[in-house]
Amino acid sequence: MLSIVVLISGGGSNLRALLEASEDAEFPARVVAVGADRDADGLEHAERFGIPTFTVPFTSYPSREEWGDALLEQIRQWEPDLTILSGFMRLVPPRVVEALSPWLINTHPAYLPEFPGAHAVRDALAAGVTQTGASLIVVDNGVDAGPIISQERVEVEPGDTEAALHERIKPVERRLLIDAVLDIANGHIDLEELARA
Ligand code: GAR
């Protein structure tokens, strides 16, 4: 059984999908804890599923490194096999990446390497593209630059708003995430090999 810590900053709809998937006794992974860098609304999903939560507020630490060390300490208490950044809107410091990589993955609402960063959906609309997408990557020290685990295209519709487009991307992200967790757990995806390539 693959044990997972999920880190969020916002509403946690992708987290909720993973919690729902892992209710199936046949699903080979379990979320053991959910962490946040702020008082995130999505922590409620964890509470509803009886999953422990922790918050390491970014603004309570004098530096990114000290915040990262505190975050790592919390994650390690749960001894997860895999840590998932699921709408976690902070860059994770190098010490945390080095401690967890390649068992640290991130969902992103664009077809990387297109539109990295915190405003991927807005940036895609501003660029006037007809297609964007969703990606799942191994986290490295770049900004959304790590090895791609899986990705899929999503069409931009005429008149799309950022919110409408994001709501069509998220279900694709959820599917990519749940399929990848399944494949990581059953050995069909080898994160060590992906990170070496
Ligand atoms: C998701 O689209 C995720 O990919 C994105 O935040 C959203 C979180 O949604 N993450 C990033 O943009 C990271 N750069 P959720 O809180 O409803 O799961």
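About the thresholds
- Residues numbered from 1 in each chain as written.
- Predicted model: local features only at pLDDT ≥ 70, side-chain atom pairs only at ≥ 80, totals over all residues.
- Heavy atoms only, no water.
- Buried < 20%, exposed > 50% of the residue type's maximum accessible area, 1.4 Å probe, protein only.
- Helix = DSSP H or I, 4+ residues; strand = E, 2+ residues; numbered from the N terminus.
- Pairing = 2+ DSSP bridges.
- Right-handed = clockwise from strand over helix to strand, strands pointing away.
- Salt bridge = Lys/Arg side-chain N within 4 Å of Asp/Glu carboxyl O.
- Near = heavy atom within 4 Å.
- Polar contact = N/O pair within 3.5 Å; in protein donor to acceptor, adjacent residues only side chain to side chain.
- Areas by Shrake-Rupley, 256 points an atom, 1.4 Å probe, with all protein chains shown as cover.
- Nonpolar A, V, L, I, M, F, W, Y, C, P; charged D, E, K, R; others polar.

Engineer: What should I look at first to understand the pairing of strand S2 (residues 29-36) in this one?
Structural biologist: Walk down a regular strand and you will see the side chains alternate between the two sheet faces. Among the eight residues of S2, six are classified as buried, and the element is accordingly described as predominantly covered. The pairing of strand S1 (residues 2-8) with S2 spans seven bridges and is classified as parallel. Opposite isoleucine 4, over in S2, you have valine 31 as the bridge partner. Handedness of the crossover joining S1 and S2 through helix H1 (residues 13-21) is recorded here as right-handed.

Engineer: Just to check I follow, could you spell out the pattern of salt bridges for this structure?
Structural biologist: Pairing is possible between side chains that carry opposite charge, provided their charged atoms lie close to one another. For the structure shown, the criterion picks out nine salt bridges. A salt bridge links arginine 153 to glutamate 114; the nearest nitrogen and oxygen atoms lie 2.8 Å apart. Taken together, the residues arginine 153 in strand S7 (residues 148-155) and glutamate 114 in the loop between strand S5 (104-108) and helix H5 (120-127) connect sequence positions 39 residues apart. With a relative accessible area of 28%, glutamate 114 lands in the partly exposed category. When the shortest N-O distance is used, the salt bridge between glutamate 152 and arginine 175 registers 2.8 Å. Placement of the pair is glutamate 152 in strand S7 and arginine 175 in helix H6 (residues 162-185), with a sequence separation of 23 residues.

Engineer: Before we go on, may I ask you to explain the site of the ligand in this structure?
Structural biologist: In the vicinity of the ligand lie 13 residues, with Gly12, Ser13, His166, Lys170 and Glu173 positioned nearest. Within the contact set of the ligand, an oxygen atom lies 3.4 Å away from a backbone nitrogen or oxygen of glycine 11. Histidine 108 places a polar side-chain atom, nitrogen or oxygen, 3.5 Å from a nitrogen atom of the ligand. When the ligand sits alone it has 450 Å² of accessible area, and the protein chains cover 91% of it. Taken together, the elements giving at least two residues each to the shell around the ligand come down to H1, S5 and H6. Broken down by element, the residue count for the shell around the ligand peaks at three residues, all from H6. Looking at the shell around the ligand, its residues break down into two nonpolar, nine polar and two charged.

On their own, these measurements won't tell you what the molecule is for.
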